[in-house]
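# Breakdown of the fold
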Amino acid sequence: ALGLTRSPRQYFRILSEMKKEWEWISKSELERSIQKLYKSKLIKEKYNRDGSLTMILSETGKELALTYNLDTMLLTKTKVWDGKWRLVTFDIPEKIKKVRDAIRYHLKKIGMHEFQKSLFIYPHECKKEIDFIIEFYNVRKHVRFILAETIDNELDLKKSFKLT
């Protein structure tokens, strides 16, 4: 949230809102999420002399974090197109409109084309990047990823993505 605002005045408002959001987090759900991170080997634990525990990114976690920096992430293009279209569609509720707008902004920024208001398209593999964005905004239940072989206006899309 702090990374999405450019106004230092908004930082304090965001931080106070974050405090409220932390109260909604289920302790058991948080523990399960941390266990998943351990199992994925993205983080490791470091025990401090004072008895406290610090969780740090493993080398794999650091590489993934750098690979998926939301501010600099771009989709890659394969040399040979596999003939399939990747579509991302979402139906994000009005009450989290800012998240919906942020998703739309990031999908455009990484290189997807807006096919319709809540439907984006890309001709190359991008599932991992899309999953990262979905998880970052915690909107998995509102977003669908579709792999399609044909689209009726494919010629226009091929021109747009310089596939012809």
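As the structure is a computational prediction, the values presented were derived from the model and not from experiment.

Let's shift gears to the overall build of the protein chain. Within the protein chain, the regular secondary structure consists of 6 helices and 6 strands. When the helices and strands of the protein chain are read in sequence order from the N terminus, they spell out α-α-β-β-α-β-α-β-β-α-β-α. Viewed in the frame of its principal axes, the protein chain has a C-alpha envelope of about 65 × 35 × 30 Å. Across the 164 residues of the protein chain, 27% fall into the buried class. The contacts in the protein chain between residues at least 6 apart in sequence include a share of 62% that link residues at least 24 apart. Carbon together with sulfur atoms contributes 55% to the accessible area of the protein chain, which is approximately 12,300 Å² in total. In the protein chain, 34 positive and 23 negative side-chain charges are present, and the distance between their average locations comes to 3 Å.

A few words on empty space enclosed by the protein. The final tally for this structure, using the stated rule, is 1 cavity of 30 Å³ or more. Residue lining of the largest cavity: Val 88, Phe 90, Ile 103, Leu 107, Ile 130, Ile 133, Ile 134 and Val 143, and that is the complete set. Put simply, the parts of the chain that give the lining of the largest cavity at least two residues each are strand E3 (85-90), helix H4 (97-110) and helix H5 (127-137).

The next subject is the packing of H4 against H5. Angle between the axes and distance between the axes are the two parameters that describe a pair of packed helices. Closest axis-to-axis distance for the H4/H5 pair is 11 Å, and the angle between their directions is 160°. In terms of orientation, H4 and H5 fall into the roughly antiparallel class. Judged by the twist between their axes, the crossing of H4 over H5 is right-handed. The residues of H5 that touch H4, namely those facing Val 99, Ala 102, Ile 103, His 106, Leu 107 and Ile 110, are Ile 130, Ile 133 and Tyr 137.

Turning our eyes to something else, we now look at the pairing of strand E5 (residues 119-122). By the alternation rule, side chains of E5 split into Leu 119 and Ile 121 and Phe 120 and Tyr 122, which are all buried. In terms of strand pairing, E3 meets E5 through 4 bridges, oriented antiparallel. Residue pairing in the sheet places Arg 86 in a bridge with Tyr 122 of E5. Where strand E4 (residues 113-116) meets E5, 3 bridges bridge the pair, whose relative direction is antiparallel. Each residue of the ladder has a partner; that of Gln 116, found in E5, is Leu 119. Counting the residues between successive antiparallel strands, the hairpin from E4 to E5 contains 2 residues.

What follows covers a nonpolar patch on the surface. A surface patch of nonpolar side chains, amounting to about 700 Å² of accessible area, comprises Tyr 11, Phe 12, Leu 15, Met 18, Trp 22, Ile 25 and Leu 30. If you trace the backbone, Leu 30 turns up in helix H2 (residues 27-40).

Another point: the sheet that holds E4. Taken together, 4 strands build an open sheet; the order of strands is E4-E5-E3-E6 and the sheet is antiparallel. Of all the strands in the sheet, just E4 and strand E6 (143-148) have a single pairing partner and so form its edges. In this sheet, neighbouring strand axes are inclined to one another by 30° on average, regardless of whether the strands run parallel or antiparallel. Contacting E3, E4 and E5, H4 runs over the sheet at an angle of about 165° to E3.

All right, on to the confidence of the model for the protein chain then. A residue-level look at the protein chain finds 95% of positions with pLDDT of 70 or above and a mean pLDDT of 87. When pLDDT is averaged over each helix and strand of the protein chain, the minimum, 73, is found for helix H1 (residues 8-22) and the maximum, 98, for E3.

Here H2 contains 14 residues, and its C-alpha end-to-end distance of 20 Å stays within 8% of the 20 Å for a straight helix at 1.5 Å per residue. Of the residues flanking the end of H2, it is Lys 41, one or two places downstream, whose phi is positive at about 60°.

Conventions adopted
- Residues numbered from 1 in each chain as written.
- Predicted model: local features only at pLDDT ≥ 70, side-chain atom pairs only at ≥ 80, totals over all residues.
- Heavy atoms only, no water.
- Helix = DSSP H or I, 4+ residues; strand = E, 2+ residues; numbered from the N terminus.
- Buried < 20%, exposed > 50% of the residue type's maximum accessible area, 1.4 Å probe, protein only.
- Contact = heavy atoms within 4.5 Å.
- Areas by Shrake-Rupley, 256 points an atom, 1.4 Å probe, with all protein chains shown as cover.
- Lys, Arg positive; Asp, Glu negative; His and termini not counted.
- Charge placed at Lys NZ, Arg CZ, Asp CG, Glu CD.
- 1 Å grid on protein atoms, 1.4 Å probe; cavity = no way out; pocket = protein on both sides within 12 Å on 5 of 7 lines; lining within 4 Å.
- Points joined across faces, edges and corners; volume = space filled by probe spheres on them.
- Axes fitted to C-alpha atoms, helices over the stretch in contact; angles between N-to-C directions.
- Parallel < 35°, antiparallel > 145°, perpendicular 65-115°, else oblique.
- Left-handed = near helix turned anticlockwise from the far one by under 90°.
- Pairing = 2+ DSSP bridges.
- Patch = residues over 30% accessible without salt bridge, like charges linked within 9 Å, V, L, I, M, F, W, Y side chains within 5 Å.
- Salt bridge = Lys/Arg side-chain N within 4 Å of Asp/Glu carboxyl O.
- pLDDT = per-residue confidence, 0-100.
- Expected span 1.5 Å × (residues − 1).

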